[in-house]
Protein chains: 2
Amino acid sequence: MSPFAGLSAFPITPATPEGRVIAADLRGVLQRIAQGGANSVGLLGSTGTYMFLDRNERRRAVAIAVETLASTPVIVGVGALRTDEAQRLAKDAAAEGAAGLLLAPVSYTPLTDEEVFQHFAAVAEATDTPIVIYNNPSTTNFTFRPALVARLADAIPGIAAIKLPLPRGDIAEDLKTYREAAPRLAIGYSGDWGCKDGLLAGADAWFSVAGGMFTQRAAALTAAALRGDRVEADRLDADFAPLWDVFKLTGGMRAMYAAANHLGLTAAKPPLPVLPLEGDLRARLVAAIAGL
Amino acid sequence: MSPFAGLSAFPITPATPEGRVIAADLRGVLQRIAQGGANSVGLLGSTGTYMFLDRNERRRAVAIAVETLASTPVIVGVGALRTDEAQRLAKDAAAEGAAGLLLAPVSYTPLTDEEVFQHFAAVAEATDTPIVIYNNPSTTNFTFRPALVARLADAIPGIAAIKLPLPRGDIAEDLKTYREAAPRLAIGYSGDWGCKDGLLAGADAWFSVAGGMFTQRAAALTAAALRGDRVEADRLDADFAPLWDVFKLTGGMRAMYAAANHLGLTAAKPPLPVLPLEGDLRARLVAAIAGL
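Remember, predicted model here, so these are calculated numbers, not experimental data. (Residues numbered from 1 in each chain as written. Chains lettered and ligands numbered in written order. Predicted model: local features only at pLDDT ≥ 70, side-chain atom pairs only at ≥ 80, totals over all residues.)

1. Section: unusual backbone geometry
Residues other than glycine predominantly adopt negative phi, and peptide bonds predominantly adopt the trans conformation. Residue and element names in this part refer to chain A. Leu272 connects to Pro273 through a cis peptide bond whose omega is 20 degrees. If you trace the backbone, Pro273 turns up in the loop between α11 (252-262) and α12 (279-290). Residues other than glycine seldom take positive phi values, yet Thr49 does so here, at roughly 55 degrees. In this structure, Thr49 sits in the loop between β2 (40-43) and α2 (55-68). We note that Asn141 has phi near 65 degrees; this positive angle belongs to a residue other than glycine. Within the secondary structure, Asn141 sits in the loop between α5 (137-140) and α6 (146-155). Among the residues examined, Asn141 registers 18 C-beta atoms within 10 Å and is labelled partly exposed. (Helix = DSSP H or I, 4+ residues; strand = E, 2+ residues; numbered from the N terminus. Buried ≥ 20, exposed ≤ 12 C-beta atoms within 10 Å, placed from the backbone.)

This is the structure we're talking about:
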């Protein structure tokens, strides 16, 4: 099976306030995912706070994950503001045994299509490890339109997949547009509350924040949706609905730290300036995961 | 005179492709600004590619600037994704002799008002150097609404000024709103093509990209607008109009690298993935600066 199909679980990366990865806690989070039956782990994604960790710690996290997850492929976020830094991170991840690289066009100055194309070409040249285009407009200020995805897929053999955000409109239409633009790419969605519909519409993968902690249920939902069992998929998705509401209010990352703290998996907090959930939102989160 | 009034000139930071600041080229750029009569230099702003340079190089740039600009105050961009890193950058800049710190709430995960407030409080505690709030929604994904500016100004004595983007609506109304929210702060605008109107409406400062290279003309425009001479200000602003058009198309940073290359001030290019201007846009830029 391709490492870019099925449930890809995106965990938090427990770290100290100074940004040092806590190996034991990360191992515990990853073992839970492996036992839950994820098809891959999306290490150092947005939920995994990759942009808040330095190069050494990112490499350490990959080494810990590959060692812990003997039979589950690890896809590693290698985004960086500078092209040369993204190349270095790609080489580090490949050297540690990553099965795939997740590359977002992280920006400060908003980037042009040509800049993003050249950036991806440069990172793809750095290793032989397949690349997932990470289309995450809310964090990168950049949207991959179908024409650019087509150009990237045509010109760069190392590009293997794309992780799309939920569209404003119909997800089946959105999926069809990107399929036609780049037929050879695996296509998955993130934005957990819409991913069931993405899989039912024929997407290959669910890049899942909730799957990084509630893996077994997310895997069951993925399996039901992939075999086209809409009734069962709807039933399993409904259990997650209160969690989706918290995600919409506060983002998946803050919610997953609070969940991990509540479940006793780690005492690590999100990296400052991101604050831990408190008060009402934390109470809602705790109620939302009680049923999971 | 406050370091946060008049023309604040924001230069590029010439650096090698590997991100090493080119001291001789930076000195040349800064001497031109000092001779042109800027009231302050905004070192390591967005045009100064601060987010693309590492901590060592940012500190080196500050040391070079303070040494070169004996009598012109240096305001230094200290934004970073992590709060502890922004604190370290603030301490570095203060130790090197910065007259002010420019702090943007740089984000990957979009930040909440409370997170930004705590971030600013933490950085303000790190030094005694006055802070300019850097409200730059297009690069940070965060907008400082007046209520948050009021809270920051009330609670944090070290906050001295705010750098605002051009509003969608009337700039006099916008200025009035922020003045009422935080009467003790100096207020300046960036977005060069609207700053003349900001100064004419009573703003204290123009945080200027063009001023980082065409300082003498920008200083004359600033002086005319600050003394309320609308006719002269309009006349001087009209000379810049072709440059403002290029800024709107490609952003000030790319344009200023091309201008510096064309004028022979440096051969440095913007940091990859940002690409140098080419073809039509470069020709337009060259034509726009021919009259300056």
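2. Observations regarding the pairing of strand β3 (residues 74-77) of chain A
All names here are of chain A. Here β3 shows no split at all, with Val74 and Val76 on one side and Ile75 and Gly77 on the other all buried. Handedness of the crossover is the feature at issue here: the chain leaves β2, passes through α2, returns alongside β3, and the resulting connection is right-handed. Sheet analysis places β3 next to strand β4 (residues 100-103), joined by three bridges and oriented parallel. Across the sheet, the residue bridging to Gly77 is Leu102, located in β4. For the crossover from β3 across helix α3 (residues 83-96) to β4, the handedness is right-handed. (Right-handed = clockwise from strand over helix to strand, strands pointing away. Pairing = 2+ DSSP bridges.)

3. Let's talk about the interface of chain A and chain B
At the junction of the two partners, chain A supplies 28 residues and chain B supplies 28 residues. Secondary-structure elements contributing two or more residues to the side of chain A that touches chain B are α3, α4 (113-126) and α5 of chain A. Tallying contributions element by element places α4(A) first for the side of chain A that touches chain B, with five residues. The class makeup of the residues in the side of chain A that touches chain B is 13 nonpolar, ten polar and five charged. (Contact = placed C-beta atoms within 7 Å. Nonpolar A, V, L, I, M, F, W, Y, C, P; charged D, E, K, R; others polar.)

4. Notes on the confidence of the model for chain A
For chain A, the average pLDDT comes to 97, and 100% of its residues sit at 70 or higher. Confidence metrics for the complex model read pTM 0.97 and ipTM 0.97. (pLDDT = per-residue confidence, 0-100.)

5. Points about the pairing of strand β1 (residues 6-9) of chain B
All names here are of chain B. Bridge count for β1 against strand β8 (residues 205-208) is four bridges, and the pairing is parallel. Following the sheet pairing, Gly6 is matched in β8 by Ala205. Across two bridges, β1 lies against strand β2 (residues 40-43) in parallel orientation. Paired with Ser8 across the strands is Ser40, a residue of β2. Remark: the β1/helix α1 (residues 23-36)/β2 crossover connection has right-handed handedness.

6. Regarding the nonpolar core
Core analysis: the largest hydrophobic core is formed by 210 residues, its most contacted members being A:Leu103, A:Val132, B:Leu103 and B:Val132. Residues within four places of A:Val132 in sequence aside, it is in contact with A:Phe4, A:Ile75, A:Gly100, A:Leu101, A:Leu102, A:Leu103, A:Ala160, A:Ala161, A:Ile162 and A:Lys163. (Core = buried A, V, L, I, M, F, W, Y, C linked by C-beta atoms within 7 Å.)

7. Brief notes about the sheet that holds strand β4 (residues 100-103) of chain B
Judged by pairing direction, the barrel is parallel, and its eight strands sit side by side in the order β1-β2-β3-β4-β5-β6-β7-β8 (chain B) before closing back on the first. Ignoring which end each strand starts from, the neighbouring axes of this sheet average 25 degrees apart. (Axes fitted to C-alpha atoms, helices over the stretch in contact; angles between N-to-C directions.)

8. Remarks on the relation of the copies chain A and chain B
With an RMSD of 0.0 Å, chain A superimposes on chain B once it is rotated by 180 degrees and translated 0.0 Å along the axis. What the superposition gives is, in effect, a two-fold axis relating one chain to the other. Rotation axis and chain A: the residue whose C-alpha lies nearest the axis is A:Asn141, separated from it by 4.0 Å. Most of the interface of chain A is mirrored in chain B, where 100% of its interface residues are also at the interface. (Least-squares fit on C-alpha atoms with pLDDT ≥ 70 in both.)

9. A short note on the environment of A:Ser138
All names here are of chain A. Residue position: Ser138 is located in helix α5. You can call Ser138 partly exposed: it has 14 C-beta atoms within 10 Å. When the C-alpha atoms of Ser138 and Leu200 are compared, they prove to be 25 Å apart, with 62 residues separating the residues in sequence.

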